[in-house]
Amino acid sequence: MHATEVFGRYAQDYHQSALPDEVIHHAKRAVIDWYASLFPGLAADPLAQLEDVLADDLDRGRARLGNGRSATARAAALFNGTAAHAAEVDDSFRDAMYHPGAATIAAALAASQDAGANGLAFLRALVLGYEVSTRIGVVMGRPHYRFWHNTGTVGTFGAAAAAAGALQLGPQPFAHALATAATFAAGLQQAFRMDSMSKPLHAGRAAEAGLLAAQMAARGVTGSLDVLDGEAGLGQAMSNGPDWSQAGATLGREFHITRLTFKNHIGCGHTFAAIDAALALREQHALQPNDIAHVQVDTYQPALDIACYDWPTTANEARFSLHYVVATALTHGSVRLAAYEPAQLDDVRTRELMTRVDVRVDPAIDAAFPGQRAARVEITTRAGDRLMHLQPNRKGDPELPLSDAELESKFLELSGPVIGASRAQTLLEHIWHLDRADGLQGLVN
């Protein structure tokens, strides 16, 4: 049996079984975090341009954009998936090196709105997308992540599985949806190794492509069922020929959606352990920027590869700069949306401190990636003291999770300025009760 068929068989069993209350709760948390990511992303590039391009697909259809406009399902998936990744606030599943929410929930929501589904059906669809796609990401492994942006590639499977779930596809059509989705999967890391607007579009295109694959499978379109594990399949072409035999081994027994990372800072998640370590030292020793002679950051190789800008000149580059976010944390005590506004981007104290920050790979920390995202920060003060903090996990990782209250606070902080505090509170309460909602009207902005 090919891997696509294993997932298709699981989908059949999934449709016939109830989800544990814990899983439903974590699905709601994922939706809350998705909206917390979506709303600030609406004002980011390239959303205005994308909305113009999609004009022919707007103001009609049963789905909705994050700004409230009606749209066809695929246009909504593309737009909302892009917005949910644009502000760099979205969730991740660490072992798959992947931000599953942006594309998976965008596709699940668009497909569910289009089908007139209720709240529980929507939650079940997105859980299915998380469970299938994260396992594909785990199998593809670090060799895939060397060149490919998993949120675009693996995200296509999250969207396809979620949309197929919303459409209640049987085992064979479900497998064919994944097979077709595999030929759509794309997204290169080089797209964000220089300043560009392409990165969030990876998530949007994944959402749209996965939804399209499911819609086509529902109408009898077939794909190559060996497209993941075949001799010229995804595993060979985009990884190192990984073993797919255990891809579905824990399906139904372990739910990956219960082990998500929710961001506690704004920016590239590979920088967060270093930010946490820097903040710990700042608080423990009441450090001010002028107290610091040198900052040494030791972490894993992908953090240096992706958060690669030594001297960022734009907000987008700053989100991918270890030097900048660590210096900002030490200067301002946080790395939130304000960190990317002109006042903080051009802050003289931060810029001066950046010249005293060095980053390098620690072999032991690197060897633990992707299962652990650690960093060590050592600060030498002008008084000659050497202060060190090893951050083994990031705040927001499964080992140090955001509580429901902390997640709510993040949601209200990021959504309130966009939709207003009262509407944000109403939406939050609606999400917590989604499993009892007759429809999805309460999710419309």
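Residues numbered from 1 in each chain as written. Predicted model: local features only at pLDDT ≥ 70, side-chain atom pairs only at ≥ 80, totals over all residues. Heavy atoms only, no water.

The protein chain goes by 2-methylcitrate dehydratase PrpD in an unreviewed UniProt entry, where it is assigned to Variovorax boronicumulans. Reading the Sequence similarities (unreviewed entry) entry of the UniProt record for the protein chain gives the comment "Belongs to the PrpD family." (UniProt positions renumbered as here; feature names shortened; annotations may be inferred.)

Novice: Honestly, the overall build of the protein chain in this entry has me stumped. Any pointers?
Specialist: When you go through the protein chain residue by residue, the secondary structure sums to 19 helices and six strands. In summary, the protein chain has a C-alpha radius of gyration of 21 Å against a globular reference of 22 Å for 445 residues, a match within 12%. Projecting the C-alpha coordinates of the protein chain onto the three principal axes gives extents of approximately 70 × 50 × 40 Å. When the 445 residues of the protein chain are sorted by exposure, 60% land in the buried category. A separation threshold of at least 6 residues defines the contact pool for the protein chain, and within that pool the share at least 24 residues apart is 75%. If the 36 positive side-chain charges of the protein chain are averaged to one point and the 49 negative ones to another, these points end up 1 Å apart. (Helix = DSSP H or I, 4+ residues; strand = E, 2+ residues; numbered from the N terminus. Rg over C-alpha atoms; globule rule 2.2 N^0.38 Å. Buried < 20%, exposed > 50% of the residue type's maximum accessible area, 1.4 Å probe, protein only. Contact = heavy atoms within 4.5 Å. Lys, Arg positive; Asp, Glu negative; His and termini not counted. Charge placed at Lys NZ, Arg CZ, Asp CG, Glu CD.)

Novice: Explain the packing of aromatic side chains here, please?
Specialist: Both the distance between ring centres and the angle between the ring planes are used here to describe each pair of aromatic rings. Using the criterion set out here, one finds seven aromatic pairs in the structure. On the numbers, 6.2 Å between centres and 35° between planes, the contact of Tyr 145 with Phe 369 is tilted. A residue pair is termed long-range when its members are at least 10 positions apart, and Tyr 145 in helix α6 (residues 119-145) and Phe 369 in the loop between α17 (363-367) and β5 (375-381) qualify at 224 residues. Neither residue differs from the other here; Tyr 145 and Phe 369 are each classed as buried. Aromatic pair Tyr 300 and Phe 369: ring centres 4.8 Å apart, planes at 25°, arrangement stacked. Residue Tyr 300 is located in the loop between β3 (292-299) and α12 (301-306), and its partner Phe 369 is located in the loop between α17 and β5; the two are separated by 69 residues in the primary sequence. What links up through ring pairs into an aromatic cluster is the set Trp 34, Tyr 35 and Phe 39. The ring of Tyr 14 has Arg 124 lying over it, and the distance from NZ or CZ to the ring centre is 4.6 Å. Sitting over the ring of Tyr 340, Arg 319 keeps its end group 4.8 Å from the ring centre. (Phe/Tyr/Trp six-rings, centres within 6.5 Å; stacked < 30°, edge-to-face > 60°. Lys NZ or Arg CZ within 6 Å of the ring centre and 35° of its normal.)

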